[in-house]
Amino acid sequence: MNIADLFKEKTVFSFEVFPPKKESGVETIYKTLEVLKDLNPDFISVTYGAGGSGEANATTIDLCSKIKNQYQIETIAHLSCLYNTKTSVDKILEQLKTEGVENILALRGDVNPDYEVEKDFRYASELTEYILSKNMGFHVSGACYPEVHQEAESMLEDIRNLKKKIDAGADHLISQLFFDNSVYYDFIEKVRIAGINVPIEAGIMPVTNKKQIERMVSMCGASIPAKLSKVLQKFGDNPVAMRDAGISYAVDQIVDLVANGVDGLHIYTMNDPYVAKRISDSVANIIK
Ligand code: FAD
């Protein structure tokens, strides 16, 4: 199924997980998926060597296959291209096809100074075009940045580049995390004016750990509004209180987004089934 078709019927609600970095984490991710599947998400996406960490033991493809074939839930396999060649992409596409995975989030990936960049792809739009040129039945999604991608000179330039991804055939976008909904609404307005009409999911990261969020924010450039900064100051050193406050903050964001007609919500679960379940339960009657 093409993920983009889901948006014709409802506000889409999806989760993102990442493959464990160590063999010992395999059982944990399987337990996480057991919980997530019972929350009936519209799809679960699986990251690909995020941060340039290379392939994990339980690979993206293994997890996508399990989600799709064992749990009968739609899945999106993330695939980044800076460190892949056309030949290695071909191999991955073949494997995804064999497993029945039909949706791919085509990404450039972050630059990692420890690895040598391959020459075949420079941008996600080139990977998008390449995947679709193979005519293997894949549907391609892309990433977008409500607060501008860190390397772009301006929002205008970034949106122009985003349009190239859509022109290459991406028919669904997922946003980078953000904590201030007004930033997202401004972005959506600009993107629509630019003629980008595909469904866009808002990326929501529950802030349940102060250190983790500081690291994420330094990596992706998301800003922390005063409201969240106060929450971090007050509860950041109390893990249980921080978790409750972070879940409430995320639910608050979601309620406002749905009230304002968002196409869909993509929850960065950080592989934490407890947090995903609490958020999902809190918005079960809101997202239809
Ligand atoms: P692109 O769309 O290629 O854009 C990268 C930069 O190049 C931007 O500044 C853009 O404005 C510019 N640009 C684009 N096209 C052109 C052009 N034709 N000419 C000139 N400039 C251009 N990373 C991982 O490694 N694994 C993952 O699983 C992963 N999942 C992600 C999921 C989501 C929802 C998001 C938002 C990000 C994810 N990332 C992941 C991170 C992502 O790889 C990085 O943010 C990366 O730096 C940019 O990837 P992109 O696909 O958006 O790149």
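Analysis parameters
Residues numbered from 1 in each chain as written. Predicted model: local features only at pLDDT ≥ 70, side-chain atom pairs only at ≥ 80, totals over all residues. Heavy atoms only, no water. Salt bridge = Lys/Arg side-chain N within 4 Å of Asp/Glu carboxyl O. Helix = DSSP H or I, 4+ residues; strand = E, 2+ residues; numbered from the N terminus. Buried < 20%, exposed > 50% of the residue type's maximum accessible area, 1.4 Å probe, protein only. Near = heavy atom within 4 Å. Polar contact = N/O pair within 3.5 Å; in protein donor to acceptor, adjacent residues only side chain to side chain. Areas by Shrake-Rupley, 256 points an atom, 1.4 Å probe, with all protein chains shown as cover. Nonpolar A, V, L, I, M, F, W, Y, C, P; charged D, E, K, R; others polar. Core = buried A, V, L, I, M, F, W, Y, C linked by side-chain atoms within 4.5 Å. Contact = heavy atoms within 4.5 Å. Pairing = 2+ DSSP bridges. Phe/Tyr/Trp six-rings, centres within 6.5 Å; stacked < 30°, edge-to-face > 60°. Lys NZ or Arg CZ within 6 Å of the ring centre and 35° of its normal.

Novice: How should the pattern of salt bridges be read in this particular structure?
Specialist: Opposite charge on two side chains lets them pair, provided their charged atoms get close. Within the structure shown, the criterion is met by 14 salt bridges. A salt bridge links K10 to D42; its shortest N-O distance comes to 2.6 Å. Here K10 is found in the loop between α1 (3-6) and β1 (12-17), whereas its partner D42 is found in the loop between α2 (26-38) and β2 (43-46), with 32 residues between them in sequence. Assessed through its relative accessible area of 15%, D42 is described here as buried. Overlapping salt bridges, with partners in common, bring together E34, K37 and D38 in one network.

Novice: Sorry if this is basic, but what is going on with the site of the ligand here?
Specialist: The ligand sits among 25 residues. The nearest are R108, D110, Y145, H149 and D158. At 2.6 Å, a side-chain N or O of D158 approaches an oxygen atom of the ligand. In this structure, an oxygen atom belonging to the ligand sits 2.9 Å away from a side-chain N or O atom of K165. In isolation the ligand has 970 Å² of accessible area, and contact with the protein removes 89% of it. Each residue belonging to the shell around the ligand can be placed in one class, and the counts come to eleven nonpolar, eight polar and six charged.

Novice: Please clarify how the nonpolar core should be interpreted in this entry.
Specialist: Considering soluble globular proteins, one finds that nonpolar side chains tend to be buried as a cluster. Within the largest apolar cluster, 64 residues are counted, with the highest numbers of intra-cluster contacts made by I131, I254 and L265. Top element by residues in this core is helix α10 (residues 239-259). It accounts for six residues. Contact partners of L265, with chain neighbours within four places excluded, come to T11, V12, F13, S14, E201, A202, I204, I254, L257, V258 and I287. Membership of the second largest hydrophobic core comes to 27 residues, among which are I3, V12, C220 and Y268.

Novice: Help me out: how do you make sense of the pairing of strand β7 (residues 200-204) in this one?
Specialist: Each regular strand carries side chains that alternate between the two faces of the sheet. Judged by how many residues are buried, β7 sits mostly within the fold: five of five residues are covered. Side chains I200, A202 and I204 project from β7 onto one buried face, and the interleaved E201 and G203 project onto a second face that is buried too. Pairing geometry for strand β6 (residues 173-177) and β7, over three bridges, is parallel. Across the sheet, the residue bridging to L173 is I200, located in β7. By the bridge criterion, four bridges tie β7 to strand β8 (residues 264-268) in an arrangement that is parallel. The residue bridging A202 from the neighbouring strand is L265, located in β8.

Novice: Is there a simple way to explain the packing of aromatic side chains in this structure?
Specialist: For any two aromatic rings, the description comes down to two numbers: the centre-to-centre distance and the angle of the planes. All told, the structure shown has five aromatic pairs when counted by the stated rule. Aromatic pair F178 and Y184: ring centres 4.7 Å apart, planes at 10°, arrangement stacked. On the basis of relative accessibility, which here comes to 0%, the residue F178 falls in the buried class. Y184 gets classed as buried once you look at its relative accessible area, which sits at 3%. Just above the ring of Y30 sits the side chain of K66; from NZ or CZ to the centre is 4.4 Å.

The quantities given are spatial measurements derived from coordinates; they are silent on function.
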